[in-house]
Amino acid sequence: MTNQYFVAVIGAGPAGLFGARELANQGARVVVFNRDIKPGGLAEYGIYPSKHTMKNGLRKQFRQVLDIPNLEYFGNVTIGEQGDLTLDDLRSLGFQSILVTAGAQGTKWLGLPGEDQVGVYHAKDVVYYYNQLPPYTQKPFRFGKRCAVIGAGNVMIDIAHFLIRDAKVEEVIAIVRRGPAEVKFDKKEMEYVIANLDQTALDAEIQRVTPIMQAVNQDPVTARASIVEALPKGLTKVSDTKFRFEFLASPVQMFGDANGNLTEVEIEDNILVEKNGDTKAKGTGNKRRLAVETIVFAIGDKVDESFGLPVEWNEFVKSENPRYPVEGNSFETPFEDVFVGGWSRKASSGLVGYARKDGTNASKAVWQYLRQTKQPAEANVDAVLEKLRGLGKPIVMKEDVKKLESAETAEAQKRGLEAFKFDSNEDMLQAMGFMETA
Ligand SMILES: Cc1cc2nc3c(=O)[nH]c(=O)nc-3n(C[C@H](O)[C@H](O)[C@H](O)COP(=O)(O)OP(=O)(O)OC[C@H]3O[C@@H](n4cnc5c(N)ncnc54)[C@H](O)[C@@H]3O)c2cc1C
Ligand SMILES: NC(=O)c1ccc[n+]([C@@H]2O[C@H](COP(=O)([O-])OP(=O)(O)OC[C@H]3O[C@@H](n4cnc5c(N)ncnc54)[C@H](OP(=O)(O)O)[C@@H]3O)[C@@H](O)[C@H]2O)c1
């Protein structure tokens, strides 16, 4: 066995897979551990299911990464303090560095009264549900006639997309803490839902908030034009859902009926205050209630606090004086052998392209660390596999992923669908042949 640098990559989203490729191409022996059976992370389980071309293009690239000979894939394995293996277990197995690209799996609860009502959800859970990630697929969700979505980013649009075009609810209200000039979604994404936008309601809402915008020198006309810019290319309506905005409003509490089902959300009106060249929302104290049966918080996520790395401000703590900065960024945690990349470095930030670049840059930092502080050693993948087998659960490897993909393609063809996904771990494992031997 030739000596090689031995690196563990935690998470097989875009950051992990492209990061792993970078390290493998440098000559390291790389093992990717992934919580999910399938690779892809949010590219598989976040990007809207109907974006077939994008998803298939990414899957093809991920397959090429998994085909790299000095790279192993172990899916259905969670790393972390409460996981199947801890960071110390990985060190004991001989890994010389650990790159954490586990995304942002924590939930940013705001601590509002009534958050526990049935019908109150965080976007990630809903997104995982409609993208068929077990166990979210099996969880009950209550999408009522009137649904509120908190936030004004692309995730808000994705949730609205689902509620308007798939769940076909009666009304979707986007509750936005700042104003029409601060929405963050892209015009391209707005095309999916703009046919359902209630333009009369939009005009009334913009008129209502005009004095507040003008007080901070914003132009309501420009802001309106930018929101409706997608109109000419908007998709044809498939439901009668009314989609409207409630600007300059923050949720303060939720109310439910005797069975704990959400019935109302109380919102507080905001004004805008200028701060360091940007604006901030400031509550006015004026509160009102909206009747809704569902509320989805699309306000971004935070990293998993139970993972075993220190967390501050929703993110893993990074060294402020990195030894191996790449493009001015620090990928280093307080543990000298542990690095972070992608959404584990900067939670809920950027597109797949960003995660890909960030994972690659994180690997460049890892590589510098290895070259400067370690000697190539015996990279004992068999010992890792033996340890994993001892967990007594199915360990999904490269060949298994291929079997699963073939089975899903065959199923899609049989059913005349563009894509098909098994929506439980049991079905996926069966398709890969695990159940026969279990
Ligand atoms: C709803 C939504 C829609 C999006 N749509 C688009 C789009 O249309 N186009 C676009 O370009 N970008 C889109 N994005 C952004 C894109 O998905 C992200 O930029 C990208 O996926 C982040 O990559 P990542 O590898 O850092 O994290 P993730 O993609 O989240 O991958 C994390 C991986 O880590 C694994 N993992 C988690 N915890 C552990 C653990 N403890 N142990 C082992 N493995 C673990 C997970 O199973 C997962 O495979 C979307 C994001 C969201 C939320
Ligand atoms: N189709 C796509 O291309 C696609 C789809 C989904 C996601 N993505 C990408 O994934 C990343 C994450 O998307 P995202 O939508 O989660 O994040 P985002 O773009 O940062 O939007 C988050 C929204 O939540 C609001 N918010 C944050 N905290 C809040 C709070 N406490 N109370 C009320 N509102 C709050 C923000 O308002 P403020 O502006 O006031 O902070 C903002 O409007 C982005 O880079 C996005 O582009 C892309």
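Quick note: structure is the one above.
Bear in mind that the values here come from a model prediction, so they are computed numbers and not experimental data.

If you walk through the whole model with that rule in mind, you get 32 salt bridges. One salt bridge in this structure joins E189 and K51, with 2.9 Å as the shortest N-O distance. Taken together, the residues span a long stretch of sequence, with E189 in helix α7 (residues 187-190) and K51 in the loop between α2 (42-45) and α3 (52-66) at a distance of 138 residues. The two residues E189 and K51 agree in class, both being buried. Here the salt bridges share partners, and the residues they tie into one network are E171, E205, R208, R244, E246, D269 and R288.

Once that is clear, we can look at the packing of helix α1 (residues 14-26) against α3. Put simply, α1 and α3 touch, their axes get as near as 9 Å, and they point 40° apart. Relative to α3, the element α1 lies oblique. The handedness of the crossing between α1 and α3 comes out as left-handed. Facing P14, L17, F18 and R21 of α1, the residues of α3 in contact are Q61, F62, V65 and L66. When grouped by side-chain class, the residues that make up the contact of α1 with α3 number six nonpolar, one polar and one charged.

Next up on the list: the nonpolar core. L23, V30, V32, L71, F339, V396 and M432 are the most contacted members of the largest nonpolar core, which totals 48 residues. Among the elements that take part in this core, helix α10 (residues 352-373) stands out by supplying six residues, more than any other. The contacts of V30, once residues within four sequence positions are left out, are V7, V9, A20, L23, A24, N70, L71 and E72. Listed in part, the 45 residues of the second largest apolar core include Y121, L197, I206 and A223.

In spatial order, the strands read β5-β12-β6-β7-β8; together these five strands make up an open sheet with parallel pairing. Single-partner strands in this sheet number two, and they are β5 (120-122) and β8 (242-246). Taking each pair of neighbouring strands and ignoring which way they run, the sheet shows an average axis angle of 20°. Against the sheet, helix α5 (residues 123-130) touches β5 and β12 (294-297), its axis set at about 80° to β5.

Before going further, it helps to spend a moment on the site of ligand 2. The environment of ligand 2 is made up of 21 residues, and the closest members are A152, R177, R178, E189 and G350. Within the side chain of N154, one N or O atom sits 3.0 Å away from an oxygen atom of ligand 2. The contact in question runs from an oxygen atom of ligand 2 to an N or O atom on the side chain of K184, over 3.2 Å. About the coverage of ligand 2: the protein hides 81% of its 910 Å² of free accessible area. In terms of residue count, the dominant contributor to the shell around ligand 2 is helix α6 (residues 154-166) (three residues).

The subject of this paragraph is the packing of α1 against α10. α10 packs onto α1 with a crossing angle of 40° between their chain directions and a minimal axis gap of 7 Å. By the criterion of interaxial angle, the relationship of α1 to α10 is oblique. Our pair here, α1 against α10, has a crossing hand that is right-handed. The segment α1 lies against α10, with P14, A15, F18, G19, A20, R21, E22, L23 and Q26 engaging V352, A355, R356, G359, T360, S363, K364, V366 and W367.

Per the counting criterion, the structure on display carries 22 aromatic pairs. Here Y128 and Y136 contribute two aromatic rings whose centre-to-centre distance is 5.0 Å and whose plane-to-plane angle is 50°, an arrangement assigned as tilted. An aromatic cluster is defined as three or more aromatic residues linked by ring pairs; in this entry it consists of Y48, Y121, Y129, Y130, F141, F143 and F162. The aromatic ring of F255 is capped on one face by R289, whose charged end is 3.7 Å from the ring centroid.

Right, let's get into helix α9 (residues 220-227). The set of residues buried in α9 consists of P220, A223 and I227. Seen along its axis, α9 keeps its buried residues to an arc of 65°; they face one direction. As for α9, its buried residues are in contact with α7, α8 (199-215) and β8. Capping the start of α9 is the job of one residue whose side-chain oxygen sits 3.1 Å from the backbone nitrogen of V221: D219.

This next bit is on the site of ligand 1. The environment of ligand 1 is made up of 33 residues, and the closest members are N34, D36, L42, I79 and W343. Interatomic distance of 3.0 Å between a side-chain N/O atom of K51 and an oxygen atom of ligand 1. Contact between ligand 1 and W343: an oxygen atom at 2.8 Å from a main-chain N or O atom of the residue. Summarising the interface, the protein chains cover 94% of the accessible area of ligand 1, which totals 1,000 Å² for the free molecule. Its residues assigned to classes, the shell around ligand 1 comprises 18 nonpolar, eleven polar and four charged.

Conventions used here
- Residues numbered from 1 in each chain as written.
- Chains lettered and ligands numbered in written order.
- Predicted model: local features only at pLDDT ≥ 70, side-chain atom pairs only at ≥ 80, totals over all residues.
- Heavy atoms only, no water.
- Salt bridge = Lys/Arg side-chain N within 4 Å of Asp/Glu carboxyl O.
- Helix = DSSP H or I, 4+ residues; strand = E, 2+ residues; numbered from the N terminus.
- Buried < 20%, exposed > 50% of the residue type's maximum accessible area, 1.4 Å probe, protein only.
- Axes fitted to C-alpha atoms, helices over the stretch in contact; angles between N-to-C directions.
- Parallel < 35°, antiparallel > 145°, perpendicular 65-115°, else oblique.
- Left-handed = near helix turned anticlockwise from the far one by under 90°.
- Contact = heavy atoms within 4.5 Å.
- Nonpolar A, V, L, I, M, F, W, Y, C, P; charged D, E, K, R; others polar.
- Core = buried A, V, L, I, M, F, W, Y, C linked by side-chain atoms within 4.5 Å.
- Pairing = 2+ DSSP bridges.
- Near = heavy atom within 4 Å.
- Polar contact = N/O pair within 3.5 Å; in protein donor to acceptor, adjacent residues only side chain to side chain.
- Areas by Shrake-Rupley, 256 points an atom, 1.4 Å probe, with all protein chains shown as cover.
- Phe/Tyr/Trp six-rings, centres within 6.5 Å; stacked < 30°, edge-to-face > 60°.
- Lys NZ or Arg CZ within 6 Å of the ring centre and 35° of its normal.
- Arc of directions from axis to C-beta.

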